[in-house]
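# What the coordinates show
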Amino acid sequence: MTPATKIAPSPALATLDGVSLRLGSRSVLSHVSLRLEPGEVVALVGPNGAGKSSLLKVLAGLIAPTAGHATFSGVRISDMRAADLAAGVAYLPQARAIHWPLPVRAIVALGRLPHQMRGQTTPQHDDAAIAAAMGDMEVADFADRPVLALSGGEQARVLLARALAQEPRLLIADEPTAGLDLGHQLALMQGLRSRARTGSSSIVALHDLALAARYADRVLLLAEGQMVAAGPPADVLTSARIAAVYGVDMLVTHVDGLPVFVPRGITAG
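Residues numbered from 1 in each chain as written. Predicted model: local features only at pLDDT ≥ 70, side-chain atom pairs only at ≥ 80, totals over all residues. Heavy atoms only, no water.

Taken in spatial order, the six strands of this open sheet run β6-β7-β8-β3-β9-β10, and their pairing is mixed. Two strands bound the open sheet, and with one partner strand each, they are β6 (89–92) and β10 (226–231). The average undirected angle you get between the axes of adjacent strands in this sheet is 15°. Across four bridges, the pairing between strand β3 (residues 41–45) and strand β9 (residues 218–223) is parallel. Bridge pairing in β9 places Val 42 opposite Arg 218. Against the sheet, helix α1 (residues 52–59) engages β3, β6, β7 (170–174), β8 (201–205), β9 and β10, with an angle of about 155° to β7. Strands β3, β7 and β8 of the sheet are contacted by helix α7 (residues 182–197), whose axis makes an angle of about 150° with β8. (Pairing = 2+ DSSP bridges. Helix = DSSP H or I, 4+ residues; strand = E, 2+ residues; numbered from the N terminus. Axes fitted to C-alpha atoms, helices over the stretch in contact; angles between N-to-C directions. Contact = heavy atoms within 4.5 Å.)

If you want it as structure tokens, here you go:
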């Protein structure tokens with residue numbers, strides 16, 4: 001009998017392997033491992049202070065872990081040139097202050113810089129990427145307006161458009177729906193799903209469990225710097241686990257096939 005041919009597992013887009021992080025005397029992350037595959041949307045959830053922002057910064061190469069390592073496209077991030085990492089990874093921080101009164105299009109165009117510096121694009125492709133990102137975030141009508149003249153929510157959409165204009169293989173976004181109205185929250189998450197169909201991936205920190213359950217392929221639940229659970233949303237976001245991690249008695253149900261989370265109160269304890 002001919003032995004079955006072993007198929008090598010596909011390479012991960014990005015990983016964390018046994019990552020721990022200390023900031024001063026405080027342990028922020030403890031032995032966290034994860035694997036991000038091409039073409040998926042991953043939601044990172046957990047209570048305030050769980051370590052979500054720090055995890056995303058390690059994955060983006062902005063903080064070096066105290067132990068363990070992060071990789072992107074099979075290469076340790078610590079060994080990568082910043083320009084190479086920037087060409088494949090876009091990072092949107094939680095704090096989104098804009099200090100320059102540039103036109104909106106000029107802000108969005110900054111997303112093309114990593115590719116321009118490496119000579120990997122053309123003016124025609126840059127224009128198309130900028131226009132597509134502005135259209136996706138519905139800021140094209142503001143193209144010539146100074147960004148500081150916009151509302152906070154509109155500015156948030158401009159910065160999201162800048163990240164999308166970068167055409168990253170991996171988008172890392174820390175609470176990208178904060179400050180967006182309901183319609184634009186849904187549009188953003190639908191846009192991440194569309195990106196996934198092209199092979200690009202996103203990992204986003206969210207507080208809205210319904211958005212995470214509805215749009216994410218997988219949910220990572222973080223608490224006190226440790227990975228409590230990881231897997232399909234229905235397996236991770238259970239009433240029992242939410243009570244244990246958040247201290248909230250949560251009704252988890254569905255309406256018209258969509259996940260719904262109704263907090264009934266704070267659990268005793």
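A few words now on helix α5 (residues 123–136). Each α-helix turn comprises 3.6 residues. Residues three or four places apart therefore point the same way. Helix length check: α5, at 14 residues, gives a terminal C-alpha distance of 20 Å against a target of 20 Å (1.5 Å per residue), a fit within 8%. Taken as a whole, α5 has its buried residues at Asp 126, Ala 129, Ile 130, Ala 133 and Met 134. Mapping the buried residues of α5 onto a view down its axis gives an arc of 125°, with all of them on the same face. Turning to α5, the residues buried within the fold contact α3 (104–109), α4 (113–117) and α6 (152–165). Note on α5: the residue one or two positions beyond its end, Glu 138, has a positive phi of about 55°. (Expected span 1.5 Å × (residues − 1). Buried < 20%, exposed > 50% of the residue type's maximum accessible area, 1.4 Å probe, protein only. Arc of directions from axis to C-beta.)

Glancing now at the packing of α5 against α6. At a minimum axis distance of 8 Å, the contact between α5 and α6 shows a crossing angle of 140°. It follows that α5 is oblique to α6 by the angle criterion. Note that α5 runs across α6; the crossing there is right-handed. Contacts between α5 and α6 involve Ala 129, Ile 130, Ala 133, Met 134 and Asp 136 from the first element and Ala 161, Leu 164 and Ala 165 from the second. In the contact of α5 with α6, the residues fall into seven nonpolar, no polar and one charged. (Parallel < 35°, antiparallel > 145°, perpendicular 65-115°, else oblique. Left-handed = near helix turned anticlockwise from the far one by under 90°. Nonpolar A, V, L, I, M, F, W, Y, C, P; charged D, E, K, R; others polar.)

Scanning the entire structure with this criterion turns up nine salt bridges. When salt bridges that share partners are traced, they join Arg 81, Asp 84 and Arg 118 into one network. (Salt bridge = Lys/Arg side-chain N within 4 Å of Asp/Glu carboxyl O.)

Looking now at unusual backbone geometry. For Glu 138, which is not glycine, the phi torsion reads 55° and is therefore positive. Tracing the backbone through its elements, the reader meets Glu 138 in the loop between α5 and α6. Here Glu 138 falls in the partly exposed class, since its relative accessible area comes to 48%.

Core analysis: the biggest nonpolar cluster contains 52 residues, and Val 45, Val 104, Val 108, Val 139, Val 158, Val 219 and Leu 237 have the highest contact counts within it. When residues of this core are assigned to their parent elements, the largest contribution, eight residues, is made by α6. Those residues in contact with Val 158 that sit more than four places away from it in its chain are Val 104, Ile 107, Val 108, Val 139, Val 147 and Leu 150. (Core = buried A, V, L, I, M, F, W, Y, C linked by side-chain atoms within 4.5 Å.)

When you tally the buried positions in α1, you get six out of eight residues, the bulk of the element. Where α1 is concerned, the buried positions are Lys 52, Ser 54, Leu 55, Leu 56, Val 58 and Leu 59. Phi turns positive one or two residues past the end of α1, at Gly 61, with a value near 80°.

Our focus in this paragraph is the environment of Ala 97. Secondary-structure assignment places Ala 97 in the loop between β6 and α3. Considering only alpha carbons, one finds Ala 97 and His 31, 66 residues apart in sequence, at a separation of 32 Å.

The subject of this paragraph is the side chain of Ser 202. Inspection of the secondary structure puts Ser 202 in strand β8. Those residues in contact with Ser 202 that lie beyond four places of it in its chain are Glu 40, Val 41, Val 42, Leu 170, Leu 171, Leu 192 and Arg 195.

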